[in-house]
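# Analysis of the macromolecular model
Listed here are the chains, written in short residue letters.
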Amino acid sequence: MSAHVVHTAADLRAVEGRPRAVVMTMGALHDGHAELIREARRRVGPDGAVIVTVFVNPTQFAAGEDFDAYPRTLESDFAVASEAGADVVFAPTAVEVYGESGGFGEQSVTIDPGPLADILEGAARPGHFRGVLTVVAKLLGMTAPQSALFGEKDYQQLTLVRRMVDDLSMPVEVIGVPTVREPDGLALSSRNRYLSADERQVAAVIPRALDAAAARMTPQDAIASGLEVLATEPSIELDYLVVTDPQLGPAPLEGQARILIAARVGTTRLLDNRPARMRP
Ligand code: PAF
């Protein structure tokens, strides 16, 4: 099946009236995105419409981050999206999304992501989740889907999108899809393409550290085991390795938990996480 590309919200009218699922991306599509699109297709069925948005959102990047360098690969994104079962690739301009300012104007209404946005990624990237949630709310408004699929790789983002949808009673089902990994466990990410061959080898320590952590029974032991594995690659710069509950609250002593990591390999910041079970 071949998708078609549209650049304006008005052009999305072509899929109105069909059950719709949206997969939001910033492009540079890889097999993790393809899995989201395939899952969206499974959910809406052959008569439904799968919309993939491709928009490098300026408001979620701080000055000095990789907004300009972020890969823009619309042609190959279109091929990946079509192959995975998308009907429409919606690639708006910043003016289409934000109006003439192309970003937050002085008087813009934005989404306040609340205190969960001040920890972990939010602590490292102040303002990031205000930009993410505002664009997600806008893209939900423009695409009006019944379901929206997000990868678990960006676990804090997924958690905050779920909260926004619940707290603001938005009429959409948010579906989290498990992370797709390379054979050595590295989570697929558009930013992996920044890694040199040596850095790529080093990066594989991240999922190994998560696995070692998840094999332990208490949050303290989990962190200690994860750090031990990370220490085998001294060039990696750890930002955080934490155990939380599944909603990113304090680590539970018993039951379902999430282990999250952010680390810099060379100049590339990589994120990963996995579920775990704590036992007394
Ligand atoms: O995960 C991403 O690629 C982005 O944060 C998203 C959800 C498309 C919003 O710009």
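A brief look at the structure comes next. (Residues numbered from 1 in each chain as written. Predicted model: local features only at pLDDT ≥ 70, side-chain atom pairs only at ≥ 80, totals over all residues. Heavy atoms only, no water.)

Within the largest apolar cluster, 38 residues are counted, with the highest numbers of intra-cluster contacts made by M24, V135, V136, L140, F150 and V161. If you list the elements that add at least two residues to this core, you get β2 (20-25), β3 (49-54), β4 (88-90), α3 (94-98), α5 (128-143), β5 (147-151), α6 (155-167) and β8 (255-265). Sorting elements by how many residues they give to this core places α5 first, with eight residues. What M24 contacts, discounting residues up to four positions off in sequence, is T53, V136, L139, L140, L149 and F150. Counting residues in each nonpolar core, the second largest holds 24 residues, with A214, L230, L241 and M278 among its members. (Core = buried A, V, L, I, M, F, W, Y, C linked by side-chain atoms within 4.5 Å. Buried < 20%, exposed > 50% of the residue type's maximum accessible area, 1.4 Å probe, protein only. Helix = DSSP H or I, 4+ residues; strand = E, 2+ residues; numbered from the N terminus. Contact = heavy atoms within 4.5 Å.)

At a closest axis distance of 8 Å, the pairing of helix α1 (residues 31-44) and helix α2 (residues 74-84) adopts a crossing angle of 35°. Considering how the two elements wind past one another, α1 and α2 form a crossing that is right-handed. Contacts between α1 and α2 involve A34, I37 and R38 on the former and, on the latter, V80, A81 and A84. Taken together, the residues of the contact of α1 with α2 sort by class into five nonpolar, no polar and one charged. (Axes fitted to C-alpha atoms, helices over the stretch in contact; angles between N-to-C directions. Left-handed = near helix turned anticlockwise from the far one by under 90°. Nonpolar A, V, L, I, M, F, W, Y, C, P; charged D, E, K, R; others polar.)

Now for the side chain of S189. Looking at the element boundaries, S189 is found in the loop between β6 (173-177) and α7 (197-203). Among all residues touching S189, those that are not within four sequence positions of it are H30 and K153.

Another point: helix α8 (residues 205-214). Of all 10 residues in α8, seven are buried, a share of seventy percent or more. Of all the positions in α8, only V205, I206, P207, A209, L210, A213 and A214 are classed as buried. On its buried face, α8 is in contact with α7, α9 (219-230), β7 (237-244), β8 and β9 (268-278).

Below, the discussion takes up the site of the ligand. What surrounds the ligand is the set M24, T25, M26, N57, Q60, V135, F150 and Q157. In this structure, Q60 approaches the ligand through a side-chain N or O atom, which is 2.6 Å from an oxygen atom. Within the side chain of Q157, a nitrogen or oxygen atom sits 2.7 Å from an oxygen atom of the ligand. In the complex, the protein chains occlude 89% of the 290 Å² of accessible area that the ligand would expose alone. (Near = heavy atom within 4 Å. Polar contact = N/O pair within 3.5 Å; in protein donor to acceptor, adjacent residues only side chain to side chain. Areas by Shrake-Rupley, 256 points an atom, 1.4 Å probe, with all protein chains shown as cover.)

If you trace the backbone, T267 turns up in the loop between β8 and β9. Between the C-alpha atom of T267 and that of S196, which follows or precedes it by 71 residues, the distance is 10 Å.

Next up on the list: the packing of aromatic side chains. In this structure the tally under the stated criterion is four aromatic pairs. Their ring planes at 45° and their centres at 6.3 Å tell us that F55 and Y98 sit as a pair that is tilted. You can see F55 sitting in the loop between β3 and α2 and its partner Y98 sitting in helix α3, a full 43 residues away along the chain. Each member of the pair, F55 as well as Y98, is classed as buried. On the basis of an interplanar angle of 70° and a centroid distance of 6.0 Å, the ring pair of F61 and Y70 is categorised as edge-to-face. Owing to a relative accessible area of 6%, Y70 belongs among the buried residues under this scheme. Among the aromatic residues, those joined into a ring-pair cluster are F55, Y98 and F104. For R72, the ring lying beneath its charged end belongs to F67, and the centroid distance is 4.7 Å. (Phe/Tyr/Trp six-rings, centres within 6.5 Å; stacked < 30°, edge-to-face > 60°. Lys NZ or Arg CZ within 6 Å of the ring centre and 35° of its normal.)

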